Amino acid sequence: MSASQTSSSDVPTLLVKIFGKDSPGITAGLFDTLAAYSVDVVDIEQVVTRGRMVLCALVTEPPKGLEGDLRATVHSWAESMKMQAEIISGLGDNRPRGLGRSLVTVLGHPLTAEATAAIAARITKTGGNIDRIFRLAKYPVTAVEFAVSGVETEPLRTALAPDAAKLGIDVAVVAAGLYRRAQRLVVMDVDSTLIQDEVIELFAAHAGCEDQVAEVTAAAMRGELDFEQSLHARVALLEGLDASVVDKVRSEVRLTPGARTLIRTLKRLGYQVGVVSGGFTQVTDDLKERLGLDFAQANTLEIVDGKLTGKVTGEIVDRAGKARLLRRFAAEAGVPLSQTVAIGDGANDLDMLNAAGLGVAFNAKPVVRQAAHTAVNFPFLDTVLYLLGITREEVEAADTVDTV
């Protein structure tokens, strides 16, 4: 039978379904049984959940007069394996998937039946069809991935966002395609993203000007100062601080839980990783070396005669600067902007999040969560890996290798 004939919608086919307790040799045994009837395999799908297997094989109809024997033999074999069999006659292959294919990743802690039902219903209401569901992780969060066809990515993302917020889950929607496993670049903010701290506040604590720095920060958040003005105002308060404090601040920096795992896994899988920060190179350069990052850029505190001058030097890394650096890193890495991922928590990250192929708001303020492509509201930075389709098993494999 030719390929064109087997793909025709009017070719008789059999759907053979085997289900029951999983044990070694089931898949091989089924196809050994079917091989005696000279059938061609059109499609296969198998899933095992808590030790129970469902194996479906779509095959061409056997030569005339042999279908009854095939059915009897498959049922007999299944019974010998303590499984059950169901065989359904039909025509052709599975129906073609609709145009527009997306991958919807859902994170929950826990992931409730109510939330799952709501997401599935919303996908249906947008005109999408769920082709496959796959669990990516069971801890520290439950992460499942829906393969959806029949609706374009952007409308689906827009439709699911309100449900995610209402249900208290995180939902990411990305276009399906080969790029999902292509080489990619991940760029993240530093303060309150890669690390738990605000670096300027660590310096301010040593200078005894925490309250003044906090006042300037509050003024900037009220819109009374832009980032560059607030940066200069806060750094000015550090004037005269001994440069030896840099080493103290470096030792005080606390990585966000899951940060090392995120970077280790990405690097092992061939990704390039960078950071951009409105903080200072005196800290980001150290992080780059310690974590094996590919790129790092931040503002630089001016130091003269062993003292901080209260000024910064070089190019200012502000909101626009972060997006500009994302593009620069992507060009240097040889990665299209569409295959970049940006992670951040503040308004200063918005341009970068919007410029990236996937912008992830990490434990961010509402305005940032609403503007980003997706949000993660769990305290573990490595949960971002599940949004990239990376499974918990791959994460654990990365944990077994030597790291910096």
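Attention here is on the structure that accompanies the text. Numbers given for residues are sequential positions, taken from 1 along each chain in its written order. Two thresholds apply to this predicted model, a pLDDT of at least 70 for residue-level local features and 80 or more for giving and counting side-chain atom pairs, whereas whole-chain, interface and lining totals are computed over all residues. Water and hydrogen atoms were dropped before computing side-chain values, which therefore reflect all heavy atoms in the structure.

Time to look at the overall build of the protein. Counting its secondary structure elements, the protein contains 16 helices and 15 strands. For this measure, only C-alpha atoms enter the radius of gyration; the expected value for a globule follows 2.2 Å times N^0.38, where N is the number of residues. For the protein, whose C-alpha radius of gyration is 27 Å, the value lies well above the compact-globule estimate of 22 Å for 404 residues. Each of the three principal axes of the protein carries a C-alpha extent, and together these read 95 × 45 × 40 Å. Think of it in three bands: residues with accessible area under 20% of the maximum for their type are buried, residues over 50% are exposed, and the middle band is partly exposed, with areas taken using a 1.4 Å probe on protein chains only. By the burial criterion, 47% of the 404 residues in the protein qualify as buried. By definition in these notes, contact holds between two residues if any of their heavy atoms fall within 4.5 Å. Sequence-distant contacts in the protein: of pairs separated by 6 or more residues, those separated by 24 or more amount to 67%. Accessible surface area values rest on a Shrake-Rupley calculation with a 1.4 Å probe, where residue burial reflects the displayed protein chains alone. Accessible area of the protein: about 19,000 Å², with a carbon and sulfur share of 52%. Asp and Glu are treated as the negative residues and Lys and Arg as the positive ones, with His and the ends of the chain left uncounted. Each charge is placed at NZ for Lys, CZ for Arg, CG for Asp and CD for Glu. One way to put it: in the protein the 41 positive side-chain charges average out to a point 4 Å from where the 52 negative ones average out. The helix and strand labels rest on DSSP assignments: H or I over at least four residues marks a helix, E over at least two residues marks a strand, and numbering proceeds from the N terminus.

Attention shifts here to the nonpolar core. Ranked by size, the top nonpolar core spans 62 residues in total, and within it Met-188, Leu-194, Phe-203, Leu-266, Phe-280, Ile-343 and Leu-381 carry the most contacts. A total of five residues in this core trace back to one element, the largest contributor, which is helix H6 (residues 199-207). Just so you know, the domain bounds were taken from an automatic or database domain assignment. Counting only domains with at least three residues in this core, you end up with domain 2 (101-176) and domain 3 (185-208 + 241-403). To define a nonpolar core, start from buried Ala, Val, Leu, Ile, Met, Phe, Trp, Tyr and Cys residues and group those joined through side-chain atoms within 4.5 Å. Counting 22 residues, the second largest nonpolar core, distinct from the first, contains Leu-185, Val-335, Ala-356 and Ala-375.

Looking now at the packing of H6 against helix H9 (residues 245-252). As a rule, the C-alpha atoms of each element are fitted with a line to give its axis, helices using only the stretch in contact, and angles between N-to-C directions run from 0 to 180 degrees. Viewed as axis vectors pointing N to C, H6 and H9 meet at an angle of 130°, and their least axial separation amounts to 10 Å. By the angle between their axes, H6 is oblique relative to H9. H9 is crossed by H6, and the crossing has right-handed handedness. Together, Val-199, Leu-202, Phe-203 and His-206 of H6 and Val-245, Val-246, Lys-248, Val-249 and Glu-252 of H9 make up the contact between the two elements. Looking at the contact of H6 with H9 residue by residue, the class counts come to six nonpolar, one polar and two charged. Angle categories: roughly parallel below 35 degrees, roughly antiparallel above 145, roughly perpendicular from 65 to 115, and oblique for all the rest. In this scheme the crossing of two helices becomes right-handed for a clockwise turn of the near helix relative to the far one and left-handed for an anticlockwise turn of less than a right angle. Three classes are used: nonpolar for Ala, Val, Leu, Ile, Met, Phe, Trp, Tyr, Cys and Pro, charged for Asp, Glu, Lys and Arg, and polar for all others, with Gly counted as polar.

Only when DSSP finds a minimum of two bridges between them are two strands counted as paired. Here seven strands make up an open sheet; going across it, the order is E12-E11-E10-E9-E13-E14-E15 and the pairing mixed. Either end of the sheet is taken by a strand with one partner, and the two such strands are strand E12 (307-313) and strand E15 (374-376). Pairwise comparison of adjacent strand axes, ignoring direction, gives a mean angle of 25° for this sheet. In the sheet, strand E9 (residues 185-188) pairs with strand E13 (residues 340-344) via four bridges, with the strands oriented parallel.

Attention now moves to the pattern of salt bridges. Note on definitions: salt bridges are taken to be side-chain nitrogens of Lys or Arg within 4 Å of carboxyl oxygens of Asp or Glu. Applying the stated criterion across every chain yields a total of 17 salt bridges. With a shortest N-O distance of 2.9 Å, Asp-189 and Lys-322 are connected by a salt bridge. In this pair, Asp-189 sits in the loop between E9 and H6 while Lys-322 sits in helix H12 (residues 319-333), placing the two residues 133 residues apart along the sequence. When sorted by exposure, Asp-189 lands in the same class as Lys-322, which is buried. Across the pair Asp-351 and Arg-319 runs a salt bridge whose closest N-O atoms are separated by 2.9 Å. In this pair, Asp-351 is assigned in helix H13 (residues 350-355) and Arg-319 in helix H12, connecting sequence segments 32 residues apart. For Arg-319, a relative accessible area of 35% puts it in the partly exposed group. One salt-bridge network, in which partners are shared between bridges, spans Asp-189, Lys-322 and Asp-349.

Sheets are built from strands that pair by backbone hydrogen bonding, the pairs being arranged parallel or antiparallel. Strand order across the open sheet formed by four strands is E2-E3-E1-E4, with antiparallel pairing between neighbours. Because the sheet does not close on itself, it has two edges, and the strands there are strand E2 (41-49) and strand E4 (83-91). Averaged over all adjacent pairs, the angle separating strand axes in this sheet is 10°, with direction ignored. As paired elements, E2 and strand E3 (residues 52-60) share eight bridges and run antiparallel to each other. Residue Thr-49 lies in a different strand from E3, and its bridge partner there is Arg-52. Across the sheet, helix H2 (residues 26-35) touches strand E1 (12-21), E2, E3 and E4, and the angle it forms with E3 is around 25°. Taken strand by strand, helix H3 (residues 67-80) contacts E1 and E4, and its axis lies near 155° from that of E4.

Moving on, we get to the pairing of E12. Looking at chain direction, strand E11 (residues 295-304) and E12 are connected through four bridges and run antiparallel. Within E12, the residue paired with Val-304 across the bridge is Lys-307. In this antiparallel pair of consecutive strands, E11 and E12, the connection spans two residues, and Asp-305 shows a positive phi of 55°.

All we've got here are geometric facts, nothing functional implied.
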